[in-house]
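Inside the fold
One-letter residues, chain by chain:
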Amino acid sequence: MSSLAAAPPSLVGKDAPDFVLKARDGKNLRLSEFRGEVVLVNFWARWAGDSRKEMPALDRINTTYQRAGLVVLGVTVDDDVRRSDEFANSMGVSYPILFDLDGSTGRDYRIQKMPVSFLVDRAGVVRYTNVGFKRGDENAYLDEIRELLRE
Amino acid sequence: MNFNSRVVSITLHAGVLALLLAATSLAQSPAPPAESATAAPPAPEATSAAPAAAEAAPTTPPAAAADAPASESKTLDQEVQGLKKDVIELNKDLFVLEEELLFPANTQVAVFLSMDVGTFFALDSVTIKIDNKEVANHLYTAREADALLKGGVQRIYLGNQKVGKHELVAFFTGKGPIERDYRRGATLVFEKGVGAKYLELKITDRVPKHQPEFLVKDWE
């Protein structure tokens, strides 16, 4: 779990900053409305190479664990909605993709690198963060998610 | 209640709370039960030495003595409940005080949003500009829009504006009839006086035209 330990600890243990963003299907989603479920918020960008590896892995995790109470939200900081939408389509992800067009949500989460993920527990507290995506990170996510789902 | 009297009232509340806390901590300390335990034995001694005197001087019956800790804990529970009530009161006073400090009545402007029926309009977002400056922007989730349709009223903006004339422009976006994207504006020029100003944005259905209607109402 080295990648998780190496992540910036700034938001860990604090309430996840709330946001409401427009999704690809036109719906507006608010993070705090998922209180009671474990939420994985993944910030990604088309130009971030690791996002190409991470998004299919997150989709697998989402498919397996969504019935157990996991919600995966992909947040793109690209301001080009059409191209981001095409990219998400090409990745074949089934979880909601949200557009942070003005970058305010990214700022709230103090994003410095892409991709970066935050695991939020059922009480709305950030419990783990992970910057980038490398081999083994998927298993680290699974360990943490299982632990949070058990709480 | 003016500002000074509110401060005095809050200080009094704080004093009462401190006293209650002290009382509670005393009640919870282990000393009192020990005292009652030592105080209890003399009663039987008195009855064995002088039964007549004991009969004459009523002593605490054993059942009542056993009830004492129960009634004590009941009193303690009542005190804790009272303390909780005081904390809530104090919190309310602090909230009101904070609002009065941040948004004094002579500059306060509040804008509320309500929806009536909503058959012809599915709300997506509202942007409010006052004097051409964006002061509020809200994206509505399905749950929030539902709450508005059920009669909820949202305070979408609370801020300070100078006394005088101001122009409020509200932009509403959403889905109109036949799922079409809909964007409408509503404008109101209002006069900010010395008291707080309350404005209401109201979305209603204009049934004869099968269109939504956007109103801005000035609450005097």
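In this text the structure is predicted, and so the values were computed from the model without any measurement.

Another aspect to go through is the overall build of chain B. Summing up its helical and strand segments, chain B has six helices and eight strands in all. For chain B, the sequential pattern of α-helices and β-strands runs α-α-α-α-α-β-β-β-α-β-β-β-β-β. Within the span of chain B, comprising 220 residues, buried residues form 10% of the whole. Pairs at least 24 apart in sequence give 68% of the contacts found in chain B among residues at least 6 apart.

Moving on to the overall build of chain A. For chain A, the helix and strand inventory stands at five helices and seven strands. Along chain A, helices and strands appear, N-terminal first, in the series α-β-β-β-α-β-α-β-α-β-β-α. Taking all 151 residues of chain A together, the buried fraction comes to 36%. Taking contacts inside chain A between residues at least 6 apart in sequence as the whole, the part at least 24 apart equals 71%.

Residues and elements named next belong to chain A. Strands sit in the order 2-1-5-4-3-6-7 across an open sheet of seven strands; the sheet is mixed. Two strands close off the open sheet at either side, each with one partner strand: strand 2 (28-30) and strand 7 (126-131). When the angles between neighbouring strand axes are averaged without regard to direction, this sheet yields 30 degrees. Strand direction decides the pairing type here: strand 1 (residues 20-23) and strand 2, joined by three bridges, are antiparallel. Pairing of Leu21 across the sheet is with Leu29, part of strand 2.

Residues and elements named next belong to chain A. As a packed pair, helix 2 (residues 49-65) and helix 5 (residues 137-150) sit with axes 11 Å apart at the nearest point and diverge in direction by 30 degrees. In this view, helix 2 runs roughly parallel relative to helix 5, as classed from their interaxial angle. Crossing geometry of helix 2 relative to helix 5 is assigned as right-handed. The residues of helix 5 that touch helix 2, namely those facing Ala57, Ile61 and Tyr65, are Glu138, Tyr141, Leu142, Ile145 and Leu149. The residue makeup of the contact of helix 2 with helix 5, split by class, is seven nonpolar, no polar and one charged.

What follows deals with the confidence of the model for chain A. Segments scoring low in pLDDT should not have their predicted coordinates read at a detailed level. Per-residue pLDDT for chain A averages 89, and the proportion of residues at 70 or more is 94%. In the predicted structure, residues 1-7 of chain A sits below a pLDDT of 50 and forms 13 contacts with residues beyond four places in sequence or in another chain.

Next up on the list: the sheet that holds strand 2 (residues 122-130) of chain B. All names here are of chain B. Ordered by their spatial adjacency, four strands build an open sheet running 3-2-5-6, and the pairing between neighbours is antiparallel. Strands at the two margins of the open sheet, each flanked by one partner only, are strand 3 (133-139) and strand 6 (181-192). Geometrically, the sheet is characterised by an average inter-axis angle of 15 degrees between neighbouring strands, direction not taken into account.

Attention now goes to the interface of chain B and chain A. At the interface, six residues of chain B touch seven residues of chain A. Class assignment for the residues of the side of chain B that touches chain A results in three nonpolar, one polar and two charged.

For the rest of this paragraph, the subject is the pairing of strand 6 (residues 116-120) of chain A. All names here are of chain A. Burial analysis of strand 6 places five of its five residues in the buried class, which makes it a mostly covered element. In the sheet, strand 6 pairs with strand 7 via five bridges, with the strands oriented antiparallel. In the strand pairing of strand 7, Leu119 is matched with Tyr128. Counting the residues that bridge the hairpin from strand 6 to strand 7 gives five residues, and of these Gly124 lies at a positive phi of roughly 85 degrees.

Residues and elements named next belong to chain B. Here chain B averages 75 in pLDDT, and 69% of its residues register 70 or above. The low-confidence segment residues 1-5, where pLDDT is below 50, has two contacts with residues more than four positions distant or belonging to other chains. Scored below 50 in pLDDT, residues 26-59 shows eight contacts in the model against residues more than four places distant or in partner chains. Scoring of the predicted complex yields 0.66 for pTM and 0.76 for ipTM.

What follows covers the nonpolar core. Counting 36 residues, the largest nonpolar core has Phe43, Leu73 and Phe118 of chain A as its most contacted members. The set of elements that each furnish at least two residues to this core consists of strand 3 (38-44), helix 2, strand 4 (70-76), strand 5 (97-99), strand 6, strand 7 and helix 5 of chain A. When residues of this core are assigned to their parent elements, the largest contribution, six residues, is made by strand 3 of chain A. The residues touching Phe43 of chain A, leaving out its near neighbours within four places in the chain, are Val75, Val77, Gly106, Tyr109, Ile111, Met114, Pro115 and Val116 of chain A. Grouped together as the second largest cluster of nonpolar side chains are 18 residues, Val111, Met115, Phe120 and Leu123 of chain B included.

Residue and element names in this part refer to chain A. On the secondary structure map, Arg83 appears in helix 3 (residues 81-91). Between the C-alpha atom of Arg83 and that of Arg46, which follows or precedes it by 37 residues, the distance is 8.3 Å. Apart from residues no more than four positions distant in its own chain, Arg83 is found in contact with Arg46 and Asp78.

All names here are of chain A. Between Met114 and Pro115 the backbone carries a cis peptide bond, its omega angle lying at -10 degrees. Looking at the secondary structure, you find Pro115 in the loop between helix 4 (104-108) and strand 6. Its identity as a non-glycine residue notwithstanding, Arg110 has a phi of 55 degrees, on the positive side. Locating Arg110 in the fold gives a position in the loop between helix 4 and strand 6. The class for Arg110 is exposed, based on 12 C-beta atoms found within 10 Å.

Cut-off values and rules
- Residues numbered from 1 in each chain as written.
- Chains lettered and ligands numbered in written order.
- Predicted model: local features only at pLDDT ≥ 70, side-chain atom pairs only at ≥ 80, totals over all residues.
- Helix = DSSP H or I, 4+ residues; strand = E, 2+ residues; numbered from the N terminus.
- Buried ≥ 20, exposed ≤ 12 C-beta atoms within 10 Å, placed from the backbone.
- Contact = placed C-beta atoms within 7 Å.
- Pairing = 2+ DSSP bridges.
- Axes fitted to C-alpha atoms, helices over the stretch in contact; angles between N-to-C directions.
- Parallel < 35°, antiparallel > 145°, perpendicular 65-115°, else oblique.
- Left-handed = near helix turned anticlockwise from the far one by under 90°.
- Nonpolar A, V, L, I, M, F, W, Y, C, P; charged D, E, K, R; others polar.
- pLDDT = per-residue confidence, 0-100.
- Core = buried A, V, L, I, M, F, W, Y, C linked by C-beta atoms within 7 Å.

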